[in-house]
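What follows is each chain in one-letter form.
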Amino acid sequence: MEVIHISAECYPVAKAGGLGDVVGALPKYQVALGNVAKVVMPMYRTKFLYDNDFELVHEGGQFLGAQYFNYAIIKEKTNKLGFDLYLVDINGLLDREKVYGYDDDTDRFVAFQIAVCDWLSKWEHQPDVIHCHDHHTGLVPFMLQHCFAFQRLAHIPTVFTIHNAQYQGWMGWDRVNLIPAYDNWKWGLLDWENTINPLASAVRCAWRVTTVSPSYMEELRQSANGLEALMNYERGKCAGILNGIDTEVWDPATDPMLVKNYSHKDVREGKRKNKKELCERFGLDKEKPLFVFIGRLVGEKAADILPEAIRQSIYQHHGSAQFLVLGSGDPAVETSLETLKYQFQGYVNVFIGYNETLSHLMYAGADFLLMPSRVEPCGLNQMYALRYGTVPMVRSTGGLRDTVRDFGEWQGYGIRFDNADVSDVVYSVGRALALYHDSTDLLQWMQSHMMRLDFSWNASAQAYQELYESARG
Ligand code: ADP
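This structure is a prediction, so every number in the text was calculated from the model and none was measured. (Residues numbered from 1 in each chain as written. Predicted model: local features only at pLDDT ≥ 70, side-chain atom pairs only at ≥ 80, totals over all residues. Heavy atoms only, no water.)

A. Representation of the sheet that holds strand β10 (residues 208-211). Read across the open sheet, the nine strands follow the order β3-β4-β5-β2-β1-β6-β7-β10-β11; overall the sheet is mixed. Edge strands, defined here as strands with exactly one partner in the open sheet, are β3 (54-64) and β11 (238-240). Strand-to-strand twist of the sheet, defined as the mean angle between neighbouring strand axes without regard to direction, takes the value 20°. On the sheet, helix α16 (residues 458-472) packs against β1 (2-6), β6 (129-133), β7 (158-162), β10 and β11 and is oriented at approximately 160° with respect to β10. (Pairing = 2+ DSSP bridges. Helix = DSSP H or I, 4+ residues; strand = E, 2+ residues; numbered from the N terminus. Axes fitted to C-alpha atoms, helices over the stretch in contact; angles between N-to-C directions. Contact = heavy atoms within 4.5 Å.)

Right under this line is the structure:
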């Protein structure tokens, strides 16, 4: 079977969050199952582009509203990622350093989707399944079925994966001219509450819809940023498939970003050396338990409660815990964290920004990883933490609930709490400290046990395979 993934991100080409990790890994595992897997994404101006060789495979042009644009499709020559990678170049729109965050993001991603559909409709060869990811590609299922220019592809099954339903790509109806001419009777498939909603459109038009964990699928029926009724109505074609992690990239035994590689057999020694490096770099004490947070500093991740939760934890536990935060996002949260860093020198440090290498070292060197998320469709951080022997401390929601078992339960290996609030975090830090100082070898047993859990893509890739088969059938 041949599947083509359409996505705004793919690690290591360009990544802003979990979407990049998923699209960088799933196709590899699909190839291992005997499929042909391809990824097509925008050609941003990232390091990967300059460090690798590409060949031109197609050139074309289309309209974005009244504006004609030219596009080019280039393909990475050496199959470096383990699957075919195609980049879409549109000068003036996609040639930027960052993935998102520009005023014209709507135009950029609509143009990207038009270019991909145009290319696919002109290719003499057709994939068996088209798999779209998140709202940046949410108009593709509609376009393939109802835009006159692309109807040659209308028979190809489309699968749409919701990685995060908070962002839906809304655009006003005054921008409808951006979408190529379509059967006007079908306008309702674009609309949700008087707005063009690409995520809602994809849920309606895709042949199958998935979310990145079973619990998140359940939650979306209760709370989906306005799409609850739609998620209930379309439940027959929806499935929750838990994300996996790329166990080649995320392997403490081989990870080149660590100062000391280790496995479950020498986890204590391995983590000790990485922690020492981390503590020296950030002015922390290598003898004290280290709690870290890695991620976007946004409300979904409950980053707003972090400064107060950290402050209270330090006071209430008499300075026996120390914290390191890596992330960027809400400027108010960034400022509060920076302030905390100066107030609690030696107890708290903060790195504002995105740093892949540091994130790996933190997963390896930390004792505990905090994830008080309000919303967590799947969450990859907790799975990376488990793989690196770091105890995840998570709120019971979405994929966190599906992947972390509290150590109070039979064979549990993490810490779970119910509310994204300061008191639950402070209480959980207390439980973590007790675990850290426990005189039995419980923590070491947990570390060795969690590192051997299987969160690889094998089972999930198989589940996608069955989903594709059912869509084709
Ligand atoms: P998201 O909702 O952001 O997609 P996920 O848990 O699914 O959350 O994935 C987050 C991914 O992004 C992980 O690989 C995490 O390590 C990485 N990440 C997030 N913020 C940063 C950062 N500031 N620096 C480095 N990596 C980061």
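What follows continues from the structure just given.
B. Representation of helix α1 (residues 18-32). The first and last C-alpha atoms of α1 sit 22 Å apart over 15 residues, in line with the 21 Å expected at 1.5 Å per residue. Listed in full, the buried residues belonging to α1 are Leu19, Gly20, Asp21, Val22, Val23, Gly24, Ala25, Leu26, Pro27, Tyr29 and Gln30. After α1 finishes, the residue glycine 34 shows a positive phi value of roughly 95°. (Expected span 1.5 Å × (residues − 1). Buried < 20%, exposed > 50% of the residue type's maximum accessible area, 1.4 Å probe, protein only.)

C. Expanded view of the site of the ligand. Taken together, the neighbourhood of the ligand is formed by 20 residues, with Gly18, Asp21, Arg296, Gly353 and Tyr363 sitting nearest. Note that an oxygen atom of the ligand is positioned 2.9 Å from one of the side-chain N or O atoms of lysine 15. The separation between an oxygen atom of the ligand and a polar side-chain atom of tyrosine 363 is 2.8 Å. For the ligand, whose accessible area on its own is 560 Å², the fraction buried by protein is 93%. Counting residues per element, the ones that place at least two in the shell around the ligand are α1, β13 (322-327), α11 (356-365) and α12 (381-387). In terms of residue count, the dominant contributor to the shell around the ligand is α11 (three residues). (Near = heavy atom within 4 Å. Polar contact = N/O pair within 3.5 Å; in protein donor to acceptor, adjacent residues only side chain to side chain. Areas by Shrake-Rupley, 256 points an atom, 1.4 Å probe, with all protein chains shown as cover.)

D. Local environment of helix α3 (residues 105-122). The end-to-end C-alpha distance of α3, which contains 18 residues, comes to 26 Å, matching closely the 26 Å that a straight helix rising 1.5 Å per residue would cover. Taken across its 18 residues, α3 has 16 buried, putting it largely inside the fold.

E. Focus on the nonpolar core. Core analysis: the biggest nonpolar cluster contains 79 residues, and Leu85, Leu87, Val88, Ile90, Trp119, Ile130 and Ile162 have the highest contact counts within it. Ranked by residue count, the leading element in this core is α3, at ten residues. In contact with leucine 85, not counting residues within four places along its chain, are Val13, Val39, Met41, Phe48, Phe54, Ile74, Lys75 and Glu76. Grouped together as the second largest cluster of nonpolar side chains are 70 residues, Val292, Met362, Met383 and Leu433 included. (Core = buried A, V, L, I, M, F, W, Y, C linked by side-chain atoms within 4.5 Å.)

F. Structural view of the pairing of β10. Here β7 runs beside β10; their pairing, made up of four bridges, is parallel. Counterpart to isoleucine 162 in the pairing with β10 is threonine 211. As paired elements, β10 and β11 share three bridges and run parallel to each other. Within the sheet, the bridge partner assigned to valine 209 lies in β11 and is cysteine 238.

G. Examining the packing of aromatic side chains more closely. Inspection of the entire model under this criterion finds 18 aromatic pairs. Seen from their ring centres, tyrosine 315 and phenylalanine 344 are 5.7 Å apart, and the 70° between their planes marks the pair as edge-to-face. With tyrosine 315 in helix α9 (residues 306-316) and phenylalanine 344 in the loop between α10 (331-343) and β14 (348-352), the pair connects residues that are 29 residues apart, well separated along the chain. Judged by its relative accessible area of 53%, tyrosine 315 falls in the exposed class. (Phe/Tyr/Trp six-rings, centres within 6.5 Å; stacked < 30°, edge-to-face > 60°.)

H. Up close: the pattern of salt bridges. Applying the stated criterion to the full structure yields 29 salt bridges. Here lysine 186 and aspartate 183 are joined by a salt bridge, their closest N and O atoms 3.5 Å apart. Aspartate 183 sits in the partly exposed class, given a relative accessible area of 22%. Put simply, glutamate 280 and lysine 276 hold a salt bridge, and the shortest N to O gap is 3.3 Å. In this pair, glutamate 280 and lysine 276 are both assigned in helix α8 (residues 267-282), four residues apart and thus about one turn of the helix distant. Each member of the salt-bridge network shares a partner with another, and the members are Lys15, Asp21 and Glu356. (Salt bridge = Lys/Arg side-chain N within 4 Å of Asp/Glu carboxyl O.)

I. Region of the structure containing the side chain of serine 313. Its place among the elements puts serine 313 in helix α9. A distance of 2.7 Å separates a polar side-chain atom of serine 313 from the backbone oxygen of alanine 309. Those residues within four positions of serine 313 in sequence are excluded, and the remaining contacts are Phe323, Val426 and Val429.

J. Summary view of unusual backbone geometry. Look at the link from tyrosine 11 to proline 12: it is a cis peptide, with omega at 5°. Looking at where proline 12 falls in the secondary structure, it is placed in the loop between β1 and α1. For aspartate 134, which is not glycine, the phi dihedral falls at a positive 60°. Residue aspartate 134 is classed as buried on the basis of its relative accessible area of 6%.

K. Spatial organisation of the sheet that holds strand β12 (residues 290-294). Read from one edge to the other, the open sheet built from six strands follows the order β14-β13-β12-β15-β16-β17, with strand pairing classed as parallel. Each edge of the open sheet is held by one strand with a lone partner, namely β14 and β17 (415-417). When strand polarity is set aside, the average angle formed by the axes of neighbouring strands in this sheet is 15°. Examined bridge by bridge, strand β15 (residues 368-371) and strand β16 (residues 391-395) share four bridges and lie parallel to one another. Each residue of the ladder has a partner; that of leucine 369, found in β16, is proline 392. Its contacts with the sheet place α10 against β13 and β14, and it is angled at close to 140° to β14. Sheet strands touched by α11: β12, β13, β14 and β15. Its angle to β12, the strand with the most contacts, is close to 145°.

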